[in-house]
Amino acid sequence: MAKKATTSQETETLEQPITENQHLLDVDIAIEKRLVALYTLQRVDSEIDKIRIIRGELPQSIQDLEDEIAGLQTRIENFTNDINLKESSIKARNAEIEEHNAMIKNYEKQQGNVRNNREYEAINKEIEFQGLEIQLCERKNREDNAGIKELNQRIEAANLLLSNRQNELNIKKDELDDIIKETEKDEERLLSKSKEQEQYIDERYLSGYKRIRKAARNGLAVVTIDRDACGGCFSKIPPQRQTEIKMHKKVIVCEHCGRILVDDDIANKAAELLK
Ligand SMILES: [Zn+2]
């Protein structure tokens, strides 16, 4: 087979779409192996991506739970402070009531020594006034006691929610530990597989592969043909081009997105390798 391509043109193939007439790549039996290696590498790297996504989401949900727990603890703390304030108000009012009662006793004593009805009535007014003060204190105490009761109920509810969330958090943390342990092993195995596949791929294809993968949101640089379309960008692939892809004589990239295209035969061979 003719080797028409120069190195610079070959490098371009991964950056720019190849047209039908360009014979840019070495045509030899190694091409098929290279395609299989590229697709195998893609499969392995996609697995690694998946592990990293799973591991990426759990810490976030743990963080959310920890935030919620901190919020509940603050709420309980605030309720407790409110209760303490109300309790000291009640205590102060009880002391006040005692004072008013002492004054009433005093006034009653004075009433025994009055010289006339007018003085008696004046003292009576004072006693009445002290009585009203006591009633006011007692009403406020009742209100505060009701408030304390309600706050205690809210604390109870918050505590229940808090213990539920703490249980959930513990479960999630264990889950994360397990996943880290598990995936670390998987990831190591996959990474060494990825490195192994890289050996079979020329540097120029490898750097092209890495460049496309980095640019693509789904991390796909090598894709199969799916319903006559590129498996990466879903653009239609003309029949003539599909035939060329099936021949395994060139590394062919999608004209629209630049991803390397392989047929099912290559995909099956890669799947065999991964068994
Ligand atoms: Zn495409």
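Higher on the page you've got the structure.
Just so you know, these numbers come straight off a predicted model, no measurement behind them.

Cut-offs and rules
Residues numbered from 1 in each chain as written. Predicted model: local features only at pLDDT ≥ 70, side-chain atom pairs only at ≥ 80, totals over all residues. Helix = DSSP H or I, 4+ residues; strand = E, 2+ residues; numbered from the N terminus. Buried ≥ 20, exposed ≤ 12 C-beta atoms within 10 Å, placed from the backbone. Contact = placed C-beta atoms within 7 Å. Expected span 1.5 Å × (residues − 1). Pairing = 2+ DSSP bridges. Axes fitted to C-alpha atoms, helices over the stretch in contact; angles between N-to-C directions. Parallel < 35°, antiparallel > 145°, perpendicular 65-115°, else oblique. Left-handed = near helix turned anticlockwise from the far one by under 90°. Nonpolar A, V, L, I, M, F, W, Y, C, P; charged D, E, K, R; others polar. Arc of directions from axis to C-beta.

A. Examining the overall build of the protein chain more closely. A tally of regular secondary structure across the protein chain gives six helices and four strands. Along the protein chain, helices and strands appear, N-terminal first, in the series α-α-α-α-β-β-α-β-β-α. Buried positions account for 17% of the 275 residues belonging to the protein chain. Restricting the contact set of the protein chain to residue pairs at least 6 apart, pairs at least 24 apart contribute 73%.

B. Geometry of helix α3 (residues 117-199). Relative to the 123 Å expected for 83 residues at 1.5 Å per residue, α3 spans 117 Å between its end C-alpha atoms, a close match to the ideal helical length. Turning to α3, its buried residues number three or more, namely Gln 130, Cys 137, Leu 190 and Gln 197.

C. Just the environment of Asn 268, in detail. Relative to the helices and strands, Asn 268 resides in helix α6 (residues 264-274). Each C-alpha atom of the pair Asn 268 and Thr 40 lies 9.8 Å from the other, and the pair is 228 residues apart in sequence.

D. Expanded view of the sheet that holds strand β3 (residues 252-253). The strand order β2-β1-β4-β3 describes an open sheet built from four strands, whose pairing is mixed. The open sheet is flanked by β2 (229-230) and β3, the only strands paired with a single partner. Pairing of β3 with strand β4 (residues 260-262), which is carried by two bridges, proceeds in the antiparallel orientation. Opposite Val 253, over in β4, you have Ile 260 as the bridge partner.

E. Looking closely at the packing of helix α2 (residues 30-111) against α3. Following both chains from N to C, one finds α2 and α3 inclined at 165 degrees, their axes separated by 5 Å at the closest point. In terms of their interaxial angle, α2 and α3 are classed as roughly antiparallel. For α2 against α3, the interelement crossing comes out left-handed. Partitioned by chemical class, the residues of the contact of α2 with α3 number 37 nonpolar, 16 polar and 26 charged.

F. The arrangement of the packing of α2 against helix α4 (residues 203-215) in detail. Running from N to C, α2 and α4 point in directions that differ by 35 degrees, and their axes come no closer than 12 Å. Seen along the crossing, α2 lies across α4 with a hand that is right-handed. Of the residues in α4, those in contact with Arg 34, Leu 38, Leu 41 and Asp 45 of α2 are Tyr 205, Tyr 209 and Arg 213. Considering only residue class, the contact of α2 with α4 consists of four nonpolar, no polar and three charged.

G. Fine view of α6. When α6 is considered as a whole, its buried residues turn out to be Ile 266, Ala 267 and Ala 270. Angularly, the buried residues of α6 cover 100 degrees about the axis, an arc narrow enough to put them on a single face. Across α6 from its buried face, at more than 90 degrees, point the exposed residues Asp 264 and Glu 272. Buried positions along α6 lie against α2, β1 (222-226) and β4.

H. Spatial organisation of unusual backbone geometry. Phi at Asp 228 is positive, roughly 65 degrees, even though this residue is not glycine. Tracing the backbone shows Asp 228 in the loop between β1 and β2. C-beta crowding within 10 Å serves as the criterion here: with 11 such atoms nearby, Asp 228 is assigned to the exposed category. Positive phi, normally seen in glycine, also occurs at Phe 234, with a value near 65 degrees. Among the structural elements, Phe 234 can be located in the loop between β2 and α5 (239-247). With 13 C-beta atoms packed within 10 Å, Phe 234 lands in the partly exposed category.

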